Amino acid sequence: MKSTMRRVVMGTAAVSMVLSMAACGEAGGGTDESDNKTIGLLLPENKTTRYESFDRPMIEKKIKSLCSECEVAYNNASEDTETQKKQFDALITKGVKVIILDAVDATATRSWVDAAADKGVKVVAYDRLAEGDISAYVSYDNENIGELQGKGLVEALGDKAKDSEVVMINGSPTDPNAALFKKGAHSVLDGAVKDIVYEQDIPGWLAEEANKKMSTAITSLGKDGFDAVYVANDGMAGGVTTALKSRGIKDVVVSGQDGELAGIQRIVAGSQTLTIYKAIKPEAETTAEIAVRLLNDEKIDDLTPQKLDSKSKKGVPSQLFKAKIVTKENIKDTIIKDEVYTVDQICTKEYAKACKEAGLL
């Protein structure tokens, strides 16, 4: 009798425990991934000033303004694809339902993005069109950026353009944007200048590697063997201008891109001719709004008026913004007007004289 009562009591307790746990699971949400309000943000590197100084804070701020209960799980891959894959997988394991991805290697992402999509995770490709089943893509018209760079070089060369020889220092071969920049630049430069006399892609967009390749070009071509250098971004333009300066080469047209502070200062000082200004705020804020809407299962059609094809997906909903050429003459009407940098930030003691001559002080 006692044994039977003991079994009944134990059985009742076990049932009560199961019911209690079930009720907790239904009410608590601690294990319910559908209530996950975290948005993943994965950026590719931190050597380029823009990502940590502009993209990240702008995206995080906009997400918070649209969704006060949302959290942003941020990681930077430091230009390492395997690191970024681990970061991506960790977000999936965490139950994140929307990931903003600026890929280190956009061709390597296909299997991860497809696997995420199979689990209902929506991936927004930011700045670079990652391969795989992407839900949306936000960037600039990158071929047009290359065209603007080429146009800026040709305009700076003026009447000498037809007889000019150009060195091309392109971006990373793993970045699809770099290929589009190069394509756009060639579409303008080929035929507008005499010849492209030296051309190299730079893995990882490394300034020190750009410096080495520029030094090699100078040794191969001679100090007077070129009239202009197409450089795909401002970081590498720093390496290129250092190489030119170390060999005593002046009056060479040098392009850049991104409107970095150091690039703007070189333009003021005259060692760099132009950069391409991409207003990061609309790109970052549009991406943030798309991510929040996708999290809430809302439509994004008005935010993605274009359709783009990648190698792995047709008709990706997209938003592509336009960029501008920045030279010494219009820094005030672009960079300063849009409050990217203040006059005080640009015109430090080292650049004060050049700033006065440029009309910034």
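Everything below is about the structure shown above.
What counts, and where the lines are drawn
Residues numbered from 1 in each chain as written. Predicted model: local features only at pLDDT ≥ 70, side-chain atom pairs only at ≥ 80, totals over all residues. Heavy atoms only, no water. Pairing = 2+ DSSP bridges. Helix = DSSP H or I, 4+ residues; strand = E, 2+ residues; numbered from the N terminus. Axes fitted to C-alpha atoms, helices over the stretch in contact; angles between N-to-C directions. Disulfide = S-S within 2.5 Å. Buried < 20%, exposed > 50% of the residue type's maximum accessible area, 1.4 Å probe, protein only. Polar contact = N/O pair within 3.5 Å; in protein donor to acceptor, adjacent residues only side chain to side chain. Contact = heavy atoms within 4.5 Å. Core = buried A, V, L, I, M, F, W, Y, C linked by side-chain atoms within 4.5 Å.

A. Layout of the sheet that holds strand β1 (residues 38-43). Reading across the sheet, the seven strands line up as β2-β1-β3-β4-β5-β12-β11 and stay open at both edges, with mixed pairing between neighbours. Each edge of the open sheet carries a strand with a single partner, namely β2 (71-76) and β11 (306-308). Strand after strand, the sheet turns through a mean of 25 degrees between neighbouring axes, direction not considered. As paired strands, strand β5 (residues 136-140) and strand β12 (residues 316-321) are joined by four bridges and run parallel to one another. Counterpart to serine 139 in the pairing with β12 is leucine 320.

B. Representation of the state of the cysteines in the model. Taken as a whole, this structure holds two disulfides when the rule is applied. What pairs with cysteine 67 in a disulfide is cysteine 70, and their sulfur atoms sit 2.0 Å apart. Measuring the twist about the S-S bond at about 75 degrees, one finds the cysteine 67-cysteine 70 disulfide to be right-handed. For cysteine 67, a relative accessible area of 4% puts it in the buried group. When its relative accessible area of 0% is taken as the criterion, cysteine 70 is described as buried. Between the sulfur atoms of cysteine 347 and its disulfide partner cysteine 355 the distance amounts to 2.1 Å. Taking the torsion about the S-S bond as the criterion, the cysteine 347 to cysteine 355 disulfide, at about -95 degrees, is left-handed. Among the residues examined, cysteine 355 registers a relative accessible area of 0% and is labelled buried. What links to what in the protein: the bonded cysteines, counted in sequence order, pair as 1-2, 3-4.

C. Region of interest: the side chain of threonine 241. Relative to the helices and strands, threonine 241 is located in helix α8 (residues 234-246). Looking at threonine 241, its side chain comes within polar contact range of the main-chain oxygen of glycine 238, at 3.1 Å. Ignoring anything within four residues of it in the chain, the contact list for threonine 241 reads Val254, Arg266 and Ser271.

D. Structural view of the nonpolar core. Of all hydrophobic cores here, the largest spans 85 residues; its most connected members are Ile169, Met214, Val229, Ile331 and Ile346. Ranked by residue count, the leading element in this core is helix α10 (residues 280-295), at eight residues. Setting aside chain neighbours within four positions, we find isoleucine 331 in contact with Ile264, Ile267, Val268, Val326, Ile336, Ile346 and Leu360.

E. Just the side chain of glutamine 272, in detail. Following the sequence through the fold, glutamine 272 ends up in the loop between α9 (261-269) and β10 (275-277). A distance of 2.9 Å separates polar atoms of two side chains, one belonging to glutamine 272 and the other to aspartate 234. Separated by 2.9 Å, the side chains of glutamine 272 and arginine 266 make a polar contact. Setting aside its immediate chain neighbours within four residues, glutamine 272 contacts Asp234, Ala237, Val254, Ser255, Gly256, Gly263, Arg266 and Ile267.

F. Geometry of the environment of alanine 130. Mapped onto the fold, alanine 130 is located in the loop between β4 (122-126) and β5. You can call alanine 130 buried: its relative accessible area is 0%. As a C-alpha pair, alanine 130 and aspartate 141 span eleven residues in sequence and 15 Å in three-dimensional space.

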